Each structure stands twice: as C-alpha cells, then as structure tokens.
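Residue-level structure breakdown
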Amino acid sequence: MRFRHILLATTLLLAAALPAIAQDKPYKEGTVWSVSFIKVKPGMFDVYMRDLASARKQLMAEAKKQGLIVSEKMLSGSSMGQGDWDLMLMVEYKNWAAFDGLSDKFDAIALKTVGTEEKQVQMMVKRTEVREIVGDKVFQEISFK
C-alpha cells in the first residue's frame, strides 16, 4: 500500500513538473521547410532548369502572392556519389497549419499557371527523363532563444 502512495506521489510531481520543463526549451520553433532532393542526370542540368523554370517560377510567385508560402530557394552543388542529390528545392511555409488544404490550393494555381491536368502530367513525365527525385523531407526551423 505504501508503494502505491509513493508511486502516486511521484507521478503527480512529475506531471506537475512537465509543463515547466516544456516551457523551458532552449529554442523557439520557426517556419516549416519542405525540401526535395534531386539528382539531375549528367549533362542535363541546364535542360532540367529551363524546364523547371517554365512552370515553377510562376507557380511559386502565385503561391507567395496568395500567402501559401513564405519563400522558396534552390541550392545546387556537387553530389558525393552516384546515388546522391545535386539540387535541393526548398519551400518555406509559415507553420505546420499551412499544410491544411494545401494540395487543393496548389492544384488550382497549377491549373492556372501550367495548364490542364493532362499538360501537368506530360510535363512531369518529361522531367523523369532528366532527373530523379532522391527524396523529400519536411523540417521545422528552430533557433536558440
């Protein structure tokens, strides 16, 4: 019986301390980044970038204008091996809530800026000839308080 009282008292103390511990984080949460890692086939970088620019530039500009995204960036660099990426496409969102209903909103923008769904599919199929998506990740930016 005494063990149960000690266990209950310990549990209550820990439960009371958790909010204080959670509030004492040494960092603050910031924007959320969606990142795609792309491997462009040898000799096809400029071809891919021209194709990407034709639609992505307008799509991202409209998304920013509508407040769906905060910013977007592209980073290019050398790959460290055959399976490694050499282009990073980054899109910054205000927070996790920005993802609610996002697909429908981007579909509407793509229909307006790129064209019909059939045209969008043709464009994506064409891109598979010059690049491979190595992976996608979503990160939240953090910074020290």
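Okay, so let's go over this structure. (Residues numbered from 1 in each chain as written. Predicted model: local features only at pLDDT ≥ 70, side-chain atom pairs only at ≥ 80, totals over all residues. Heavy atoms only, no water.)

In terms of regular secondary structure, the chain is built from four helices and four strands. In the chain, which comprises 145 residues, the share counted as buried stands at 29%. Accessible surface computed for the chain: about 10,500 Å², of which carbon and sulfur atoms make up 61%. (Helix = DSSP H or I, 4+ residues; strand = E, 2+ residues; numbered from the N terminus. Buried < 20%, exposed > 50% of the residue type's maximum accessible area, 1.4 Å probe, protein only. Areas by Shrake-Rupley, 256 points an atom, 1.4 Å probe, with all protein chains shown as cover.)

Time to look at the sheet that holds strand 4 (residues 131-144). The antiparallel open sheet is built from four strands, whose spatial order is 2-3-1-4. Strand pairing shows two members of the sheet lacking a second neighbour, strand 2 (71-76) and strand 4, which therefore form its edges. Each adjacent strand pair in this sheet contributes to an overall mean axis angle of 20°, direction not counted. Of the strand pairs in this sheet, strand 2 and strand 3 (residues 87-93) are connected by six bridges, and their pairing is antiparallel. Counterpart to S76 in the pairing with strand 3 is L87. (Pairing = 2+ DSSP bridges. Axes fitted to C-alpha atoms, helices over the stretch in contact; angles between N-to-C directions.)

A separate point is the pairing of strand 3. Counted residue by residue, strand 3 has seven buried out of seven residues, so it is predominantly covered. Residues of strand 3 alternate between two faces, with L87, L89, V91 and Y93 on one and M88, M90 and E92 on the opposite face, all of them buried. Relative to strand 3, strand 1 (residues 27-40) is paired through seven bridges, and the arrangement is antiparallel. Paired with F37 across the bridge in strand 3 is M88.

This part is about the layout of surface pockets. Counted as a void, the largest pocket has a volume near 810 Å³. As for the largest pocket, its lining consists of 26 residues, of which R56, L59, M60, M124 and R127 are closest to the centre. (1 Å grid on protein atoms, 1.4 Å probe; cavity = no way out; pocket = protein on both sides within 12 Å on 5 of 7 lines; lining within 4 Å. Points joined across faces, edges and corners; volume = space filled by probe spheres on them.)

Counting residues in each nonpolar core, the largest one holds eleven residues, listed as L59, M60, A63, L68, I69, V91, Y93, L102, F106, I109 and A110. Elements supplying a minimum of two residues to this core: helix 2 (45-65), strand 3 and helix 3 (102-113). For this core, the element with the highest residue contribution is helix 3, accounting for four residues. Y48, L52, L89 and V130 belong to the second largest nonpolar core, which has eight residues in total. (Core = buried A, V, L, I, M, F, W, Y, C linked by side-chain atoms within 4.5 Å.)

We now examine helix 4 (residues 117-127). Q120, M123 and R127 are the residues of helix 4 that are buried. Across the axial projection of helix 4, the buried residues extend over an arc of 60°, all falling on one side. (Arc of directions from axis to C-beta.)

It is worth spelling out the packing of aromatic side chains at this point. Across all of its chains, the model carries three aromatic pairs by this definition. Measuring from ring centre to ring centre gives 5.1 Å for F37 and W85, while their planes differ by 50°; the resulting arrangement is tilted. In this pair, F37 is assigned in strand 1 and W85 in the loop between strand 2 and strand 3, connecting sequence segments 48 residues apart. An aromatic cluster is present here, built from Y93, W96 and F99 joined pairwise through their rings. (Phe/Tyr/Trp six-rings, centres within 6.5 Å; stacked < 30°, edge-to-face > 60°.)

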